[in-house]
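Spelled out from the first residue to the last, the chains are:
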Amino acid sequence: MEKKNLDWENMGFSYMQTDKRYVANYKDGKWDDGALIDDANIVMNECAGVLQYSQSVFEGLKAYTTEDGHIVTFRPDLNASRMVDSAKRLEMPPFPEERFVDAVAQVVKANAAYVPPYGSGATLYIRPYMFGINPVIGVKPADEYQFRIFTTPVGPYFKGGAKPITICVSDFDRAAPHGTGHIKAGLNYAMSLHAIVTAHANGFDENMYLDSATRTKVEETGGANFIFVTKDNKVVTPHSSTILPSITRRSIMYVAEHYLGLEVEERDVYFDEVKDFAECGLCGTAAVISPVGKVVDHGKEICFPSGMEKMGPVTQKLYDTLTGIQMGHIEAPEGWIKVIE
Ligand code: PLP
Ligand code: COI
């Protein structure tokens, strides 16, 4: 299969239409067989549930070209099960997990020409999502849904790639106790747009959200979880019922403990202790591991000893091991890598 002639090395994180997408529809209480189609546009009624009351959930994962030329995805089964959790919370019919994993494989295979070559720094981002599609005017769940997956080749989420970023403590809250912060619903992102535009306008790359109940604990950013490294090399990540359970973060904590022999802790992280950490990073499918050099809290700066030039040494080791597993030159734990072709 011949690759598309794209500028793989200089891609940003943006949408590019690729050849095929997967579509399945839910009607009369069941999902149809689903199919790959060509049309990137969706026609729906003006009163569709997603348009009125934002009944939509999504996922994000990537396909990689390994060193030996295979196309693989990373732990798609975990995206499948998280999407079931998201759907249930928004009263949507879950898309069956095995079908999710199979549909990801189909759509990646069909767009293999867009999977960036090994070593280019780019990857194929895969976006599964589903939404209420029939007319809904009283506030209630839709009866009909569409599940889709498209793909788009992407480069680094933050401009500058592995260069440390500067983030600010947000005055806005991302998630309420007992709310929807732990699921991947579009509504969580809609309400973060004002906060991110404000952060950018003030010269910051991202927001650090605190827990909305006490505003004393670190939660996450708009699109990634946090990892911190203590001065004695322990890897710490916030524990909270109102953050998205990042698959990247769960994988990093495993890699830290089992591949690098580091101590790991998932616990409450108070904002007051952030100044004492040696390193800080954001982790997620899009972010991979993006180092944070500075956190600004209303003019007060916390500068991590790792600085603004490069990742700290432990973050670098975590990054190299995780991406080594994804790109196939470090052996993966059982079941983490799904070979597509
Ligand atoms: N937190 C939020 C709010 C996200 O949108 C994402 C992205 O998916 C993550 C964390 C990271 O999750 P994952 O590692 O599963 O991509
Ligand atoms: C992902 O990492 O897949 C996400 O969905 C985060 C989003 C901010 C792009």
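All values derive from a computational prediction rather than experimental measurement. (Residues numbered from 1 in each chain as written. Chains lettered and ligands numbered in written order. Predicted model: local features only at pLDDT ≥ 70, side-chain atom pairs only at ≥ 80, totals over all residues. Heavy atoms only, no water.)

## A closer look at helix H6 (residues 247-258)
Alright, step 1. Given a rise of 1.5 Å per residue, twelve residues ought to cover 16 Å, and the 16 Å separating the end C-alpha atoms of H6 matches this to within 8%.
Alright, step 2. Taken residue by residue, H6 has Ile247, Thr248, Arg249, Ser251, Ile252, Met253, Val255 and Ala256 as its buried positions.
Alright, step 3. With a side-chain oxygen positioned 3.2 Å from the backbone nitrogen of Thr248, the residue opening H6 is Ser246. (Helix = DSSP H or I, 4+ residues; strand = E, 2+ residues; numbered from the N terminus. Expected span 1.5 Å × (residues − 1). Buried < 20%, exposed > 50% of the residue type's maximum accessible area, 1.4 Å probe, protein only. Polar contact = N/O pair within 3.5 Å; in protein donor to acceptor, adjacent residues only side chain to side chain.)

## Quick notes on the side chain of Thr18
Alright, step 1. Relative to the elements of secondary structure, Thr18 occurs in the segment before strand S1 (21-27).
Alright, step 2. For Thr18, a relative accessible area of 3% corresponds to the buried category.
Alright, step 3. Sequence-distant contacts of Thr18, defined by excluding residues within four places in its chain, comprise Asn111, Tyr114, Thr151, Thr152 and Pro153. (Contact = heavy atoms within 4.5 Å.)

## Considerations on the pattern of salt bridges
Opposite charge on two side chains allows them to pair when their charged atoms are near.
Alright, step 1. With the rule as written, the count across this model stands at 14 salt bridges.
Alright, step 2. For Lys20, the salt bridge identified is with Asp38, shortest N-O distance 2.7 Å. Taken as a pair, Lys20 in the segment before S1 and Asp38 in the loop between strand S3 (35-37) and helix H1 (49-53) lie far apart in primary sequence, 18 residues in all.
Alright, step 3. You can call Asp38 exposed: its relative accessible area is 53%.
Alright, step 4. Put simply, Arg82 and Glu59 hold a salt bridge, and the shortest N to O gap is 2.7 Å. Placement of Arg82 in helix H2 (residues 76-89) and of Glu59 in the loop between strand S4 (56-58) and strand S5 (61-65) is noted, with a sequence separation of 23 residues between them. Glu59 matches Arg82 in its accessibility class, with the two residues each being buried. (Salt bridge = Lys/Arg side-chain N within 4 Å of Asp/Glu carboxyl O.)

## As for the pairing of S5
The side chains of a regular strand alternate between the sheet's two faces.
Alright, step 1. Most of S5 sits out of view: five of its five residues are buried.
Alright, step 2. A two-sided burial pattern is seen for S5, the buried positions comprising Leu61, Ala63 and Thr65 on one face and Lys62 and Tyr64 on the other.
Alright, step 3. Sheet topology places S5 next to strand S7 (residues 123-132); three bridges connect them, and they run antiparallel. By the bridge assignment for S7, Leu61 is matched with Ile126.
Alright, step 4. Bridge count for S5 against strand S6 (residues 71-74) is three bridges, and the pairing is antiparallel. Looking at S6, one finds that Ala63 is bridged to Thr73. (Pairing = 2+ DSSP bridges.)

## With respect to the UniProt feature "modified residue: N6-(pyridoxal phosphate)lysine" (unreviewed entry) in the protein chain
Alright, step 1. Sequence positions flagged by UniProt for "modified residue: N6-(pyridoxal phosphate)lysine" (unreviewed entry) are, in local numbering, Lys184.
Alright, step 2. As for its position among the elements, Lys184 is in the loop between strand S9 (165-169) and helix H4 (186-190).
Alright, step 3. Lys184 has contacts with Val57, Phe58, Glu59, Gly60, Arg82, Ser86, Tyr189 and Leu244, leaving out every residue within four places of it along the chain. (UniProt positions renumbered as here; feature names shortened; annotations may be inferred.)

## Concerning the state of the cysteines
Alright, step 1. A complete count under the given rule lists zero disulfides for this structure.
Alright, step 2. With no disulfide of its own, Cys168 lies 13 Å from the sulfur of Cys280, the closest cysteine sulfur.
Alright, step 3. Take Cys168: its relative accessible area is 9%, and that puts it in the buried class.
Alright, step 4. Lacking any disulfide linkage, Cys303 is separated from the closest cysteine sulfur, that of Cys280, by 12 Å. (Disulfide = S-S within 2.5 Å.)

## Points about the site of ligand 1
Alright, step 1. The full set close to ligand 1 counts 16 residues, and Tyr189, Glu220, Ser246, Thr248 and Thr285 are the nearest of them.
Alright, step 2. Take Arg82: an N or O atom from its side chain is 2.8 Å from an oxygen atom of ligand 1.
Alright, step 3. One of the side-chain nitrogen or oxygen atoms of Thr285 is found 2.5 Å away from an oxygen atom of ligand 1.
Alright, step 4. Protein coverage of the free-state accessible area of ligand 1, which is 390 Å², stands at 96%.
Alright, step 5. For the shell around ligand 1, the secondary structure elements donating two or more residues are H6 and strand S14 (279-284).
Alright, step 6. Of the residues in the shell around ligand 1, the class split is five nonpolar, seven polar and four charged. (Near = heavy atom within 4 Å. Areas by Shrake-Rupley, 256 points an atom, 1.4 Å probe, with all protein chains shown as cover. Nonpolar A, V, L, I, M, F, W, Y, C, P; charged D, E, K, R; others polar.)

## Details of the packing of H2 against helix H3 (residues 97-110)
Alright, step 1. Remark: H2 packs on H3, axes separated minimally by 9 Å, with the N-to-C direction vectors making an angle of 130°. Considering their axes alone, H2 and H3 lie oblique with respect to each other. Note on packing geometry: the crossing formed by H2 with H3 is right-handed. Contact residues: Pro76, Asp77, Asn79, Ala80, Ser81, Met83 and Val84 in H2; Glu97, Phe100 and Val101 in H3. (Axes fitted to C-alpha atoms, helices over the stretch in contact; angles between N-to-C directions. Parallel < 35°, antiparallel > 145°, perpendicular 65-115°, else oblique. Left-handed = near helix turned anticlockwise from the far one by under 90°.)

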